[in-house]
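The chain contents come next:
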Amino acid sequence: MSTPLGFAQSTVGRKVIMALTGLLLVGFVMGHMAGNLLVFNGPEAINGWGALLKRSALVLWTVRITLLVAVGLHIWAALTLTRLNQASRPVDYARRVPQASTLAARLMRIGGVLLLAFIVFHLLHLTTGTIHPGYEFSHTDVYGNVVSSFQVPWVALFYIVAMVALLGHLTHGIWSFFQTMGWSHPRLDTIRRTIATVIALMVSLGFIAIPAAILGGVLR
Amino acid sequence: MNLTLKVWRQPSGEARGRLVSYAAQGISADMSFLEMLDVVNEGLIEKGEEPIAFDHDCREGICGSCGVMINGMAHGPMAGTATCQLHMRSFQDGDTIVVEPWRARAFPVLRDLVVDRSPLDRIMQAGGFVSIATGNAPDAHAILVPKEAAELAMDAAQCIGCGACVAACPNASAMLFTAAKVSHLGLLPQGQPERDRRALGMVTQMDLEGFGGCTNYGECTTACPKGISLENIARMNRDFRTAALRARPESAGAGGAP
Ligand code: HEM
Ligand code: FES
């Protein structure tokens, strides 16, 4: 148990890995969402932001690899713990009535799988440009890529659905983070849920604003 | 009251089990759930059938022996009570009540509603104690205990080890039980010397027994007849994490020379 490997094998240790990688990803999505909102300031603003992020290949790839490793560890912990949890009750009840668990908590796994599918789609869509329904992808014209693709209703809707999944995932995840890290205290406990809900709403609504605005014809 | 029971019957651990329907007639609303089962069992014995096996002892909510899943809820619909403290007035005349044993890989069914909860005992043996020096008893006031620590420790010590937390948890996790026991001693000055070893040992044993992990659903604390709080799980997570980081490898113990 005193080895890093032993820690990562324990149920508590894997949850800590999930919490820390989750925290990193929450930090990322907050920054990503704020940057994205620059589309509302016009093509120069968002294209300039995109160019700035790609100015140093070293920084870009350090961030990309860190995020990929974080997502990988997060999913590894989620997957192995989920399998353990399911195996821990081989014979189920004829009847079990949930008393306390929230919808967000119960949808963590299925929402996580949806987020994974979204992450893959999103990278193929707006990072590599492999998926470009009905328009030409440009590596420098971020504004053009975003506006043209969200004019395709199913693309915009898929993004909106995925961000609703993120809303649920973060509502439980951020609250759960405090619990996993052992930060529980009567004074903190009254605001943990609020912190989680506010961040989750901010992030998801910030992201949703863009496809919604383009679909509604506000941005063109 | 007249009720229909659907009770899990399983002659032994190896045998296949199934839900069997029984009519429970002439039940008084003032009976406890276990007394109602006693009445049904008397009827079964008169008919020459095997009575329903269930665990019980004190019948006043302090020993932790009793506990069954009642209509999908551990210890039934009343908050803060064990099965033995549940009264039949919690039900309506004509109700159908489904009665099942605790379900967990770590709690194999022994017979009908009786499961083997010895994994909880082994978790205790892995660190749920304070080692004491022999000799004369120290003065009771020799060690100062902060009032808040004493109260939180007493809250955690209320756990009667019934296993309802495991039964109610969708992951069959024993975190609330283990956390209560880790906290109970970990909060007190007497528990400090073994605090790291206790958290590491008990969590490791909990994992070895084949319980699931915590996903913070909160079902355990709602089902708990003693209302053990989730704050204990947070404390155990913290104790385990710091202990795992601080622990020295076996070969590099504190003794200096190998
Ligand atoms: C944008 C990406 C993601 C972010 C920001 C994120 C964030 C988080 C956070 C903060 C937690 C809480 C950790 C804790 O319990 O202490 C969490 C838990 C979890 N995440 Fe994620 N996650 C992301 C993607 C995913 C993906 C792709 C999956 C699955 C394929 C996933 C599955 C899970 C599961 C199963 C849990 C455990 C929930 C529980 O407590 O029951 N997550 N996530
Ligand atoms: S029989 Fe002792 S707690 Fe119910």
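How each quantity is defined
- Residues numbered from 1 in each chain as written.
- Chains lettered and ligands numbered in written order.
- Predicted model: local features only at pLDDT ≥ 70, side-chain atom pairs only at ≥ 80, totals over all residues.
- Heavy atoms only, no water.
- Phe/Tyr/Trp six-rings, centres within 6.5 Å; stacked < 30°, edge-to-face > 60°.
- Helix = DSSP H or I, 4+ residues; strand = E, 2+ residues; numbered from the N terminus.
- Buried < 20%, exposed > 50% of the residue type's maximum accessible area, 1.4 Å probe, protein only.
- Donors = N, O, S within 2.8 Å, 3.2 Å for Na, K, Ca; no water.
- Tetrahedral: all angles 85-135°; square planar, octahedral: opposite > 155°, others 65-115°.
- Near = heavy atom within 4 Å.
- Polar contact = N/O pair within 3.5 Å; in protein donor to acceptor, adjacent residues only side chain to side chain.
- Nonpolar A, V, L, I, M, F, W, Y, C, P; charged D, E, K, R; others polar.
- Contact = heavy atoms within 4.5 Å.
- Salt bridge = Lys/Arg side-chain N within 4 Å of Asp/Glu carboxyl O.
- Domains from an automatic or database assignment.
- Buried area = accessible area lost by both parts, 1.4 Å probe.
- Pairing = 2+ DSSP bridges.
- Axes fitted to C-alpha atoms, helices over the stretch in contact; angles between N-to-C directions.
- Parallel < 35°, antiparallel > 145°, perpendicular 65-115°, else oblique.

### Focus: the packing of aromatic side chains
Residue and element names in this part refer to chain B.
And then number 1: Using the criterion set out here, one finds 11 aromatic pairs over all chains in the structure.
And then number 2: Taken together, a centroid distance of 6.0 Å and an interplanar angle of 40 degrees make the contact between F33 and F91 tilted. Note that F33 is positioned in helix α1 (residues 33–46) and F91 in the loop between β4 (73–74) and β5 (96–100), a separation of 58 residues in sequence. Each member of the pair, F33 together with F91, is buried.

### Thoughts on the coordination of the iron atom of ligand 1
Residues and elements named next belong to chain A.
And then number 1: Taken together, H74 (NE2) and H169 (NE2) make up the full set of protein donors to the iron atom of ligand 1, lying 2.0 to 2.1 Å away.
And then number 2: Viewed at the metal, the six donor atoms of the iron atom of ligand 1 are separated by angles of 85 to 180 degrees, and the geometry they form is octahedral. You can see H74 sitting in helix α4 (residues 57–87) and its partner H169 sitting in helix α8 (residues 153–181), a full 95 residues away along the chain. Side by side, H74 and H169 carry an identical accessibility label, which is buried.

### A short note on unusual backbone geometry
Residue and element names in this part refer to chain B.
And then number 1: With a phi angle near 45 degrees, D112 is a residue other than glycine that sits in the positive phi range.
And then number 2: Non-glycine residue N216 carries a positive phi angle of around 55 degrees.
And then number 3: Assignment of secondary structure puts N216 in the loop between α6 (195–208) and α7 (219–223).

### Some remarks on the site of ligand 1
And then number 1: Around ligand 1 sit 21 residues, and of these H74, H169, S176 and T180 of chain A together with T215 of chain B come closest.
And then number 2: Bordering ligand 1 are residues originating from chains A and B.
And then number 3: Between ligand 1 and H74 of chain A, the relevant distance is 2.8 Å, taken from a nitrogen atom to a side-chain nitrogen or oxygen of the residue.
And then number 4: In the environment of ligand 1, an oxygen atom lies 2.6 Å from a nitrogen or oxygen atom belonging to the side chain of S176 of chain A.
And then number 5: Sorting the residues of the shell around ligand 1 by element identifies α2 (11–36), α4, α6 (108–127) and α8 of chain A as the ones contributing at least two each.
And then number 6: With seven residues, α8 of chain A is the single largest residue contributor to the shell around ligand 1.
And then number 7: For the shell around ligand 1, the residue count by class is 11 nonpolar, nine polar and one charged.

### So, the interface of chain A and chain B
And then number 1: Contact with chain A, which involves 39 residues of that partner, is made by 48 residues of chain B.
And then number 2: The tally of links between chain A and chain B comes to zero salt bridges.
And then number 3: There are 26 residue pairs in polar contact (both at pLDDT 80 or more) connecting chain A and chain B.
And then number 4: No other element matches the six residues that α8 of chain A contributes to the side of chain A that touches chain B.

### Side note on the domain arrangement of chain B
Residue and element names in this part refer to chain B.
And then number 1: Domain assignment breaks chain B into domain 1 (3–111) and domain 2 (117–255).
And then number 2: Placing a centre on the C-alpha atoms of domain 1 and another on those of domain 2 gives a separation of 30 Å.
And then number 3: Counting residues at the interface gives 19 residues for domain 1, matched by 19 residues for domain 2.
And then number 4: Carbon and sulfur atoms supply 59% of the area buried between domain 1 and domain 2, which totals about 1400 Å² over both sides.
And then number 5: Run the count over domain 1 and domain 2 and you get one salt bridge.
And then number 6: A salt bridge links D55 to R117, with the shortest nitrogen-to-oxygen separation between them at 3.2 Å.
And then number 7: The tally of links between domain 1 and domain 2 comes to six residue pairs in polar contact (both at pLDDT 80 or more).
And then number 8: Considering only residue class, the side of domain 1 that touches domain 2 consists of 10 nonpolar, six polar and three charged.

### As for the sheet that holds strand β1 (residues 3–9) of chain B
And then number 1: The strand order across the open sheet built from five strands is β2-β1-β5-β3-β4 (chain B), with neighbouring strands paired in mixed fashion. Taken across any chain shown, the strands that pair with only one partner, and hence form the sheet edges, are β2 (18–24) and β4 of chain B.

### A short note on the pattern of salt bridges
Residue and element names in this part refer to chain B.
And then number 1: Per the stated rule, a full pass over the model turns up 12 salt bridges over all chains.
And then number 2: For E50, the salt bridge is made with R111, and the minimal N-O distance between the two is 2.9 Å. Of this pair, E50 sits in the loop between α1 and β3 (69–70) while R111 sits in strand β6 (residues 109–111), placing them 61 residues apart in sequence.
And then number 3: By relative accessible area, which is 49% here, E50 ends up partly exposed.
And then number 4: Ionic pairing is found between E209 and R122, a salt bridge with its closest N-O pair at 2.7 Å.

### Things to note about the pairing of β1 of chain B
Residues and elements named next belong to chain B.
And then number 1: A large share of β1 lies buried, amounting to five of its seven residues.
And then number 2: Across seven bridges, β1 lies against β2 in antiparallel orientation. The residue of β2 that forms the bridge with T4 is A23.
And then number 3: In terms of strand pairing, β1 meets β5 through four bridges, oriented parallel. Bridge pairing links T4 to T96 in β5.

### Quick look at the packing of α6 of chain B against helix α8 (residues 231–246) of chain B
A pair of packed helices is characterised by two quantities: the angle between their axes and the separation of those axes.
Residues and elements named next belong to chain B.
And then number 1: Remark: α6 packs on α8, axes separated minimally by 8 Å, with the N-to-C direction vectors making an angle of 105 degrees. The orientation of α6 relative to α8 falls into the category roughly perpendicular. Within the contact between the two elements, α6 uses R195, D196, A199, L200 and V203 and α8 uses R235, M236, D239, F240, A243, A244 and R246.
And then number 2: Looking at the contact of α6 with α8, its residues break down into seven nonpolar, no polar and five charged.

### Points about the side chain of Q179 of chain A
And then number 1: For Q179 of chain A, the location among the structural elements is in helix α8.
And then number 2: Within polar-contact distance, the side chain of Q179 of chain A engages the side chain of R192 of chain A at 2.9 Å.
And then number 3: The contact partners of Q179 of chain A, leaving out residues within four places of it in the chain, are S184 and R192 of chain A together with N216, L230, E231, I233, A234 and N237 of chain B.

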